[in-house]
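Here is how the chains run, residue by residue.
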Amino acid sequence: SQQGEEDPQALSIQEGENATMNCSYKTSINNLQWYRQNSGRGLVHLILIRSNEREKHSGRLRVTLDTSKKSSSLLITASRAADTASYFCATRGTYKYIFGTGTRLKVLA
Amino acid sequence: DTAVSQTPKYLVTQMGNDKSIKCEQNLGHDTMYWYKQDSKKFLKIMFSYNNKELIINETVPNRFSPKSPDKAHLNLHINSLELGDSAVYFCASSQEGSNQPQHFGDGTRLSIL
């Protein structure tokens, strides 16, 4: 069965607002990663959080991980039109990555 | 400067044909992957190679055969193409180890007529 599921499936916000997307997973993990995919392009790695970490920051990105609830959230602060993309979480188990279904973010200028 | 490059970018072909997709990475990574992304954007791993050896082989029809001539290349050959094979196929690479990010190519859009 599918491991990661992002919520919401689609999100539309105004430029300057914050965007929050969530990811839930089912089994134990080594780490959880977030990726961005622009239309017609490959996935680009944004941030990795290990299973023993609770929060991580990178520029305008903030990721949290709650292993007891098997969930993670990605917060993009002060969003820009260029942040328009699909965002995927990926969980790393013993030997492979499993990707979620993605959140399509649209930032309106 | 391209890190992970795939060719071709687009592939349109008839049902029943055989086709190949090539992937090369210049990052010096030990591990390479093939993923399939369907029309709903769901991304599923197909194969993974580490130093030219197959380490992941998901439930994929045996019409799909990966080949890794060296650790910088991972090609995907598909026999007897079917309509359901229409998708975007992504190649990716990473350093060995579980806490490593993956680097993706821009995908090959395969359309079966």
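Residues numbered from 1 in each chain as written. Chains lettered and ligands numbered in written order. Predicted model: local features only at pLDDT ≥ 70, side-chain atom pairs only at ≥ 80, totals over all residues. Heavy atoms only, no water.

Engineer: In this structure, what is going on with the overall build of chain B? I would like to understand it.
Structural biologist: Across its full length, chain B holds 0 helices and 11 strands. Beginning at the N terminus, the succession of helices and strands in chain B can be written as β-β-β-β-β-β-β-β-β-β-β. Taken over C-alpha atoms, the radius of gyration comes to 13 Å for chain B, in line with the 13 Å a tight globule of 113 residues would show. In terms of its C-alpha atoms, chain B occupies a principal-axis envelope of roughly 40 × 30 × 25 Å. (Helix = DSSP H or I, 4+ residues; strand = E, 2+ residues; numbered from the N terminus. Rg over C-alpha atoms; globule rule 2.2 N^0.38 Å.)

Engineer: Which parts of the structure should I look at to understand the pattern of salt bridges?
Structural biologist: Side-chain pairs of opposite charge can arise where the charged atoms are in close proximity. All names here are of chain B. Here the structure, examined in full by the defined rule, presents 8 salt bridges over all chains. Here glutamate 82 ties to arginine 63 by a salt bridge, and the two come within 3.5 Å at their closest N and O atoms. Linking glutamate 82 in the loop between β8 (73–78) and β9 (87–94) with arginine 63 in the loop between β6 (53–57) and β7 (64–70), this pair joins segments that are 19 residues apart in sequence. Put simply, Arg63, Glu82 and Asp85 are held in one network by salt bridges that share partners. (Salt bridge = Lys/Arg side-chain N within 4 Å of Asp/Glu carboxyl O.)

Engineer: Just to check I follow, could you spell out the nonpolar core for this structure?
Structural biologist: For soluble globular proteins, the rule of thumb is that nonpolar side chains tend to be buried together. Met21, Leu32, Trp34, Leu74, Ile76, Tyr87 and Leu105 of chain A are the most contacted members of the largest nonpolar core, which totals 21 residues. Counting residues per element, the ones that place at least two in this core are β3 (19–24), β4 (31–37), β5 (43–50), β7 (61–66), β8 (71–76), β9 (85–92) and β11 (103–108) of chain A. Once residues within four sequence positions are removed from consideration, leucine 105 of chain A is found in contact with Leu11, Ile13, Ala19, Met21, Ile76, Asp83, Thr84, Ala85 and Tyr87 of chain A. The next biggest cluster of nonpolar side chains, apart from the first, holds 20 residues, and it includes Val4, Trp34, Leu110 and Ile112 of chain B. (Core = buried A, V, L, I, M, F, W, Y, C linked by side-chain atoms within 4.5 Å. Buried < 20%, exposed > 50% of the residue type's maximum accessible area, 1.4 Å probe, protein only. Contact = heavy atoms within 4.5 Å.)

Engineer: What's the story with the interface of chain B and chain A in this structure? I'm lost.
Structural biologist: A common way to express how large an interface is: the accessible area buried when the components associate. Taken together, the 21 residues of chain B in the interface contact 21 residues of chain A. Both sides of the chain B and chain A interface together cover about 1800 Å² of buried area, and 50% of this is carbon and sulfur. On inspection of chain B and its partner chain A, the count reaches 2 salt bridges. A salt bridge links arginine 41 of chain A to aspartate 106 of chain B, with the nearest nitrogen and oxygen atoms 3.1 Å apart. Across the contact surface, chain B and chain A share 9 residue pairs in polar contact (both at pLDDT 80 or more). Within the residue set of the side of chain B that touches chain A, elements represented by two or more residues are β4 (31–37) and β5 (43–50) of chain B. (Buried area = accessible area lost by both parts, 1.4 Å probe. Polar contact = N/O pair within 3.5 Å; in protein donor to acceptor, adjacent residues only side chain to side chain.)

Engineer: Hey, could you run me through the state of the cysteines in this one?
Structural biologist: A covalent bond between the sulfur atoms of two cysteines is referred to as a disulfide. Tallied over the entire structure, the rule returns 2 disulfides over all chains. Here cysteine 23 of chain A connects covalently by a disulfide to cysteine 89 of chain A, the sulfurs 2.0 Å from one another. Disulfide cysteine 23 of chain A-cysteine 89 of chain A: torsion about the S-S bond near 65°, hence right-handed. Placement of the pair is cysteine 23 of chain A in strand β3 and cysteine 89 of chain A in strand β9, with a sequence separation of 66 residues. Neither cysteine 23 of chain A nor cysteine 89 of chain A differs from the other in exposure class; each is buried. Between the sulfur atoms of cysteine 23 of chain B and its disulfide mate cysteine 91 of chain B the distance is 1.9 Å. In this structure, the disulfide formed by cysteine 23 of chain B and cysteine 91 of chain B twists by about -75° around the S-S bond and is classed as left-handed. Placement of cysteine 23 of chain B in strand β3 (residues 19–25) and of cysteine 91 of chain B in strand β9 is noted, with a sequence separation of 68 residues between them. (Disulfide = S-S within 2.5 Å.)

Engineer: Any chance you could explain the pairing of β6 of chain B here in plain terms?
Structural biologist: Regular strands place side chains that alternate from one sheet face to the opposite one. Residue and element names in this part refer to chain B. Bridge analysis of β5 against β6 gives 4 bridges, and the strand direction is antiparallel. Within β6, the position partnered with phenylalanine 47 by the bridge is asparagine 57. Counting the residues that bridge the hairpin from β5 to β6 gives 2 residues, and of these asparagine 51 lies at a positive phi of roughly 50°. (Pairing = 2+ DSSP bridges.)

Engineer: Could you clarify how one ought to interpret the sheet that holds β7 of chain B in this entry?
Structural biologist: In a beta sheet, neighbouring strands pair by backbone hydrogen bonds and run either parallel or antiparallel. Residues and elements named next belong to chain B. As summarised here, the arrangement of the 4 strands in space is β1-β3-β8-β7, forming an open sheet in which the pairing is antiparallel. With partners counted over all chains shown, the strands left at the sheet margins are β1 (4–7) and β7, one partner each. Averaged over all pairs of adjacent strands, the angle between their axes in this sheet comes to 20°, without regard to strand direction. Note that β3 and β8 share 4 bridges and pair antiparallel. Bridge pairing in β8 places isoleucine 21 opposite leucine 76. (Axes fitted to C-alpha atoms, helices over the stretch in contact; angles between N-to-C directions.)

Engineer: How do you make sense of the packing of aromatic side chains when you look at a structure like this?
Structural biologist: What characterises a pair of aromatic rings is the spacing of the ring centres plus the angle enclosed by the ring planes. All names here are of chain B. Using the criterion set out here, one finds 9 aromatic pairs over all chains in the structure. Taking the centre distance of 5.5 Å and the plane angle of 40° together, the rings of tyrosine 35 and phenylalanine 104 count as tilted. You can see tyrosine 35 sitting in strand β4 and its partner phenylalanine 104 sitting in strand β10 (residues 103–104), a full 69 residues away along the chain. For the pair shown, tyrosine 35 and phenylalanine 104 are each scored as buried. (Phe/Tyr/Trp six-rings, centres within 6.5 Å; stacked < 30°, edge-to-face > 60°.)

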